[in-house]
Amino acid sequence: MASKAAPSCRLVFCLLISAAVLRPGLGLYTVSSTYGDTIIMPCRLDVPQNLMFGKWKYEKPDGSPVFIAFRSSTKKSVQYDDVPEYKDRLSLSENYTLSISNARISDEKRFVCMLVTEDNVFEAPTIVKVFKQPSKPEIVSKAPFLETEQLKKLGDCISKDSYPEGNITWYRSGIVLQPLEGVVDIVFKKEMDPVTQLYTMTSSLEYKTTKADIQMPFACSVTYYGPSGQKRVYSEQAVFDIYYPTEEVILQVLPPRSAIKEGDNITLKCLGNGNPPPEEFFFYLPGQPEGIRSSHTYTLTDLRRNATGVYRCSLTDGNSLVASTAVTVHYLDLSLNPSGEVTKQIGDALPVSCTISASRNATVVWMKDNTRLKSSPSFSSLQYQDAGNYVCETALKEVEGLKKRESLTLIVEGKPQIKMTKIIDPRGLSKTVICHVEGFPKPAIQWTITGSGSVINQTEESPYINGKYYSKIIISPEENVTLTCTAENQLERTVNSLNVSANENREKVNDQAKLIVGIVVGLLLAALVAGVVYWLYMKKSKTASKHVNKDLGNLEENKKLEENNHKTEA
């Protein structure tokens, strides 16, 4: 690429310029380009054989030409004219296609490709169109809120850097908003940057809202033209807070529950359906004609049954809107007679009653030692098994957490009662003596032998259940004895005795034992004698074997002597 400018005019060239002709069949040709891209303009002329050079120019608004690029057909050199706005932006190829980098709005011109021969000049014009997509539209200066039945500015929709200028459209929930006097007012304006020649479009919307616009999305779009035709870009949706007056008042009881019981805390909450909601109300309690001024809530603590009634609330500005609700405070009373810890004697009578008072029918459950009873207890003659922890429990099924319970700890006391029994071993070797004891508190049992006064410690005791247990011993007396069982608790000491005769089969058992020992000793002696006999036998057998072997040896020696004698004689 050469940096020198092309010659201003040669004689033949100046003459041919005046005689330049448009190649037949070539009309206006348009090249569309995107802002910032490279504009590519083919020459669209057939290169003649006697071509001298090619040249590009553009036309000013007044029609005067401005030459910008020159290429010789012989020297293959390229020269670019000194045009400031196209400095370092031009490129002319061998087939005379002109490229302009970094397309600008000012590049929208009529460019002409010129091919010059010795006797003619051929021209092919090209119209350049440059397009710039605008920025995504944005809703700015948005109203913090809109009020019903008032025409108020909603916001501005702005889109920047567009060429050519675009058009802005407003939407409510996807439907185009058309101007309507007193309801929809749209003002559109555009501004062009004098340097970039790009447009900024702004559309202001005034809108008269209703309650139907609550949570409705508003948006805008910009429609523009690009190389491929018309296009549209949408903004983000915007939802506006809609203000409207209160038309209804609601009274709530918090926390929400199916029923309220004594001791609960509740909060009355009064709500108006306006936006913004009312901040102050009057609360009216049962039996109190004067209202209590408060915020939208009023709290009642530790409710009693006399708090049952109708509660109301209203606006504080004298508005006739009033809301009310009925509140029932449920209660439950229980009285157990007797209660606490009660001590009675065995055989005594004890009436028990559990009285219930409630706002509704209540269920009653009796428990003894964590076991549910089929009916309420009644004692005409107390027994030890009647002792225990009794609980009367009542509840209102419809009211969660409303339960009452009272307990009775019944203690049945009694002096120790003793009964002794004896069990004889079928073989007559031993006797089992059992001392059965009843009483509460638990009596301590002691065994002694009458006469000697010695204490028997080796005993076996059963578990203590319902005021009863036993202690037993196993003995084999050689003579008649009397066993004494003593049971004692805090109430009394009771004694009982039982005679136990000596074992009759003891001598027989001893004789049998002696017989068995004699038999065992006899068997051991017999085994010892048999062993001695066997040992003597084996010893004798070994001695006889030695003599036999000696005789056999003498016979063999005599036989050898005879054979030697026969050999000598021969």
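From a predicted model like this one, the values you see are computed outputs, not experimental measurements.

> Please give an account of the state of the cysteines that cites residues and values.
Enumeration according to the criterion identifies five disulfides in this entry. Between the sulfur of Cys157 and that of Cys220 lies a disulfide, 2.0 Å long from S to S. Between Cys157 and Cys220 the sulfur-sulfur dihedral comes to about 75°; the bridge is accordingly right-handed. Of this pair, Cys157 sits in strand 13 (residues 151-162) while Cys220 sits in strand 18 (residues 217-226), and the two are 63 residues apart along the sequence. Judged by relative accessible area, which is 0%, Cys220 ranks as buried. One disulfide bridge connects Cys354 with Cys392, the sulfur atoms lying 1.9 Å from each other.

> So what about the nonpolar core? Which residues, and what values?
Of all hydrophobic cores here, the largest spans 53 residues; its most connected members are Met41, Trp56, Ile68, Leu98 and Phe111. Each of domain 1 (30-131) and domain 2 (138-243) gives at least three residues to this core. Setting aside residues no more than four positions away along its own chain, Phe111 makes contact with Met41, Trp56, Lys57, Tyr58, Ile68, Tyr86, Ile100, Ala124, Pro125, Thr126 and Val128. By size, the runner-up hydrophobic cluster in this structure holds 18 residues, among which are Val249, Phe281, Tyr311 and Cys313.

> Could you give me a rundown of the confidence of the model for the chain, with the residues and numbers involved?
Confidence in the prediction for the chain averages 85 pLDDT; 84% of positions are at 70 or higher. Low pLDDT, under 50, characterises residues 506-513; the predicted model gives this stretch three contacts beyond four residues in sequence or across chains. Every residue in residues 564-570 is under pLDDT 50, and counting partners more than four places away or in other chains gives zero contacts.

> Please give an account of the side chain of Asn275 that cites residues and values.
As for its placement among the helices and strands, Asn275 is situated in the loop between strand 24 (266-272) and strand 25 (281-284). Sequence-distant contacts of Asn275, that is, excluding residues within four places in its chain, are made with Asp241, Ile242, Tyr243 and Tyr244.

> Explain the pattern of salt bridges to me, using residue names and the numbers behind them.
Applying the stated criterion to the full structure yields 21 salt bridges. Lys468 is the salt-bridge partner of Glu438, the closest N and O atoms lying 3.5 Å from each other. One end of the pair, Glu438, is in strand 38 (residues 431-440); the other, Lys468, is in strand 42 (residues 468-475), and 30 residues separate them in sequence. Given a relative accessible area of 42%, Lys468 falls into the partly exposed group.

> Let's hear about the sheet that holds strand 39 (residues 444-449): which residues, and what values?
Reading across from one edge, 40-39-43-44 is the order of the four strands in this open sheet, with antiparallel pairing throughout. Each end of this open sheet is capped by a strand with a single partner; those strands are strand 40 (455-456) and strand 44 (493-500). Here strand 39 pairs with strand 40 via two bridges, running antiparallel. Among the inter-strand pairings, Trp447 is bridged to a residue of strand 40, identified as Ile456.

Quick notes on the rules
- Residues numbered from 1 in each chain as written.
- Predicted model: local features only at pLDDT ≥ 70, side-chain atom pairs only at ≥ 80, totals over all residues.
- Heavy atoms only, no water.
- Disulfide = S-S within 2.5 Å.
- Helix = DSSP H or I, 4+ residues; strand = E, 2+ residues; numbered from the N terminus.
- Buried < 20%, exposed > 50% of the residue type's maximum accessible area, 1.4 Å probe, protein only.
- Core = buried A, V, L, I, M, F, W, Y, C linked by side-chain atoms within 4.5 Å.
- Domains from an automatic or database assignment.
- Contact = heavy atoms within 4.5 Å.
- pLDDT = per-residue confidence, 0-100.
- Salt bridge = Lys/Arg side-chain N within 4 Å of Asp/Glu carboxyl O.
- Pairing = 2+ DSSP bridges.

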